[in-house]
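Residue-level structural notes
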Amino acid sequence: MIYYFPLQTLALTGLEVFAVAFLSPVFLIIGPCWRLANNKYILALLRLTVVGSLASYQAPNASIRLFILAAGVSSSLLVQTVTLWSGNSLQRFIRIWGFILGKMMLLVLRIWYTSLNPVWSSQAANTVVLTIGLVAAAERIYSVEDERKQGANATGNTVRKAVSQPNWLLSGMAFGSLMFLTVWIFGEVSLISRWAVSGHPHTGPDPNPYGGTVLLGLAHGLMLSFWSWSSVASFAWFLIGIASSAGLLYLHTWSAAVAGNILAVFTMCVWPQLAGRFVGCLHPGKAMSTAMFTYVLELFFCVWCTAYKFVPGGVYARESSHLLLGFIMLCIGLGFLTGSKKDLNSIFEVKSDQKPFFKKSTEYIKLLLWLFVGAGLLGLGLRYRTYEKKLGRGVPKRDFSAMIWPFRFAYDNEGWSNLEGSATLLNQTGADFITVLESDASKPFIGNNDPTMWLGERLGFYTDFGPSTRDHTWGIMALSRYPIVKSTHHLLPSPEGEIAPAISMTVNFTGRLIDFVVAHFGNEEEDLDRKLQAIAVSKLLKTSSKQVVFLGYVTSAPGSRDYTELIENGNVQDIDSTDRDRWCSYIMYRGVIRLGYARISHAGLSDSEVQMAKFRIPDDLDNYVDNDRIVTDPSQVPEDVHFNPRFGSYKDGHNYDESIHHFHMSTPKYFKQTN
């Protein structure tokens, strides 16, 4: 949520200070604050605040939502700290496993919601989760007194009964790093595929169904955690973890995916042990504060790696995910190798009369784990079967439409998810080929969503994710009603600004092959970047087939240096050279006949309009005439060429009605031959 505000301004806004909500456990270092937080009435109030913060989804604006969420996050961490350090050994054992299984359950729910977190996916889902949360909070509030009686001296004594008292600084850094690694790379089962993705036809594993292997890897890691490890085995296992993290970062396609799955096994294998040592620290406030400070530091560094142009000191963090991953693995390794090698059951001293309860609890934990895995695999299977049935329904035709739209990571101008609205808009345009810019939301600070997969499955389109998440771009995706024959991902020259992505690809329009080049240039301020990027893209256009369409975000005016470079050296034509009121989005072509051109207002769904064009594939590529006359009266062209009247009729100037999508900027225009 914090990231939404700098996303609007392309600069820090000051609201980043709300990240201090993660540091609320620092107050628990103070004795009176710790005792106050342990008061049953205060704890009940904190629980209700946590659950109530889920209602922030229904807040009237993004600022209020951020404030409510910050209160919820800070309260949740206070509750977590108090509960993890309270109660007897069995209670704390169950709470740790409840926390871990909760993460697995969230992964499964995101499978069923096609990568979205159900809490933030819709009003209905949010209300259901909020209701369940209130029931659960009420149950906890009324049962807390019974639990305290069972472990009367637990708050202070249970910690001292631990087999060892780990160093709070080391354990806190290890646990915070483990938390961030889990969110960063395993916050959604599609993320591994997006780190490993490449162009068609050798794309690597698709997130559906191969996200199931990630879920299985995580589950098998948890099963391995029930073993006790020798020092030699632990060190060897850590080396495997290090190697798998490097493989995910540097290998490609299937090799990277295999490395990612091994890292999944390693990550969840160490979760119970590191969590057990973490709650075994003598200083709860210090340990949790250290963990959250480490988590926030790593999260901000992750932002800096990609948004380096807009943040102070960004030049030092530019494209430095390898340093971040290395630091995370180092912290985890220090925590994993320096503590006890026993499984979580043995972390605390257990009385003989409690051992049967521990054994029974372990059986239920394993049962729940595999029930979750089964539900996740079922969800992937059903989604895959539905998606496969939708593909390949494009009918043979000579005409096709192409569209470009920057949709800003699937967030609208009010900070809410716009995927449902986006799917509706894209479907209404009737476009056969779509490129969506600023599409890589597979990052923890954007939501760990996969808009490419979501839109592909919803619309029944073939997809190309574009350059991988680890390439530090903001993303560019392609959606096609017709099969993608081949594609290549490009990172355009960006010596000064952010990495600019591009895709060159070939689409099979039922036997007719058309090339597409889609690109997102750097910002206006980076003159050298834009110059080099225009040269690089013009070369891609020049070396494409005789029939090519360019859809690009160029950040230059018509007639400018970069525009001229594309037209002249790329050997393409502008869809409408008379339209001088453009700045970013452009459509150019070669070897096809232009039929129509439209600009559709964003209506608050994004900060950028939609541009689309219609083309006809000529029967004889060596003997055809392009349309050279512009008309605005749709009755002068065949009805099958018309754009969807849902967007109104021809309109001069901007459409200032933020509530509806409408043609604007002197479009739609149609093209026909001069008589």
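So, a few notes on the structure that sits alongside this text. (Residues numbered from 1 in each chain as written. Predicted model: local features only at pLDDT ≥ 70, side-chain atom pairs only at ≥ 80, totals over all residues. Heavy atoms only, no water.)

All right, on to helix α15 (residues 321-338) then. With 18 residues, α15 should cover 26 Å at 1.5 Å per step; its first-to-last C-alpha distance of 26 Å lies within 8% of that length. Among all positions of α15, only S321, L324, L325, I328, M329, C331, I332, G333, G335 and F336 are buried. Looking at the buried residues of α15, the elements they touch are α8 (168-186), α11 (231-250), α12 (253-278) and α13 (284-306). (Helix = DSSP H or I, 4+ residues; strand = E, 2+ residues; numbered from the N terminus. Expected span 1.5 Å × (residues − 1). Buried < 20%, exposed > 50% of the residue type's maximum accessible area, 1.4 Å probe, protein only. Contact = heavy atoms within 4.5 Å.)

Two elements in contact, helix α5 (residues 89-112) and α8, have axes separated by 12 Å at closest approach and are oriented at 15°. For the element pair α5 / α8, the angle class is roughly parallel. Judged by the sense of rotation from one axis to the other, the crossing of α5 with α8 is right-handed. The residues of α8 that touch α5, namely those facing F99, K103 and L107, are F175, M179, T182 and F186. Classifying every residue of the contact of α5 with α8 gives five nonpolar, one polar and one charged. (Axes fitted to C-alpha atoms, helices over the stretch in contact; angles between N-to-C directions. Parallel < 35°, antiparallel > 145°, perpendicular 65-115°, else oblique. Left-handed = near helix turned anticlockwise from the far one by under 90°. Nonpolar A, V, L, I, M, F, W, Y, C, P; charged D, E, K, R; others polar.)

So, about the environment of H661. In this fold, H661 is placed in the loop between β13 (629-631) and β14 (669-672). Residues H661 and G648 lie 13 residues apart in sequence; the distance between their C-alpha atoms is 8.6 Å. Setting aside chain neighbours within four positions, we find H661 in contact with L425, I600, S601, H602, A603, L605, R646 and F647. Of the polar contacts made by the side chain of H661, one reaches the backbone oxygen of S601; its length is 2.9 Å. Polar contacts involving the side chain of H661 include one to the main-chain carbonyl oxygen of H602, which spans 3.4 Å. (Polar contact = N/O pair within 3.5 Å; in protein donor to acceptor, adjacent residues only side chain to side chain.)

A grouping of M105, L106, L109, W112, Y113, L378 and L382 is seen on the molecular surface, where their side chains present a nonpolar patch of about 590 Å² in accessible area. Among the elements of the structure, α5 and α16 (355-390) are those that each provide at least two residues to the nonpolar patch. Per element, the largest residue contribution to the nonpolar patch is four residues, and it comes from α5. The residue Y113 is located in the loop between α5 and α6 (123-150) in this model. Given the relative accessible area of 35%, Y113 is considered partly exposed. (Patch = residues over 30% accessible without salt bridge, like charges linked within 9 Å, V, L, I, M, F, W, Y side chains within 5 Å. Areas by Shrake-Rupley, 256 points an atom, 1.4 Å probe, with all protein chains shown as cover. Salt bridge = Lys/Arg side-chain N within 4 Å of Asp/Glu carboxyl O.)

Shape is all these values report; function is a separate question.
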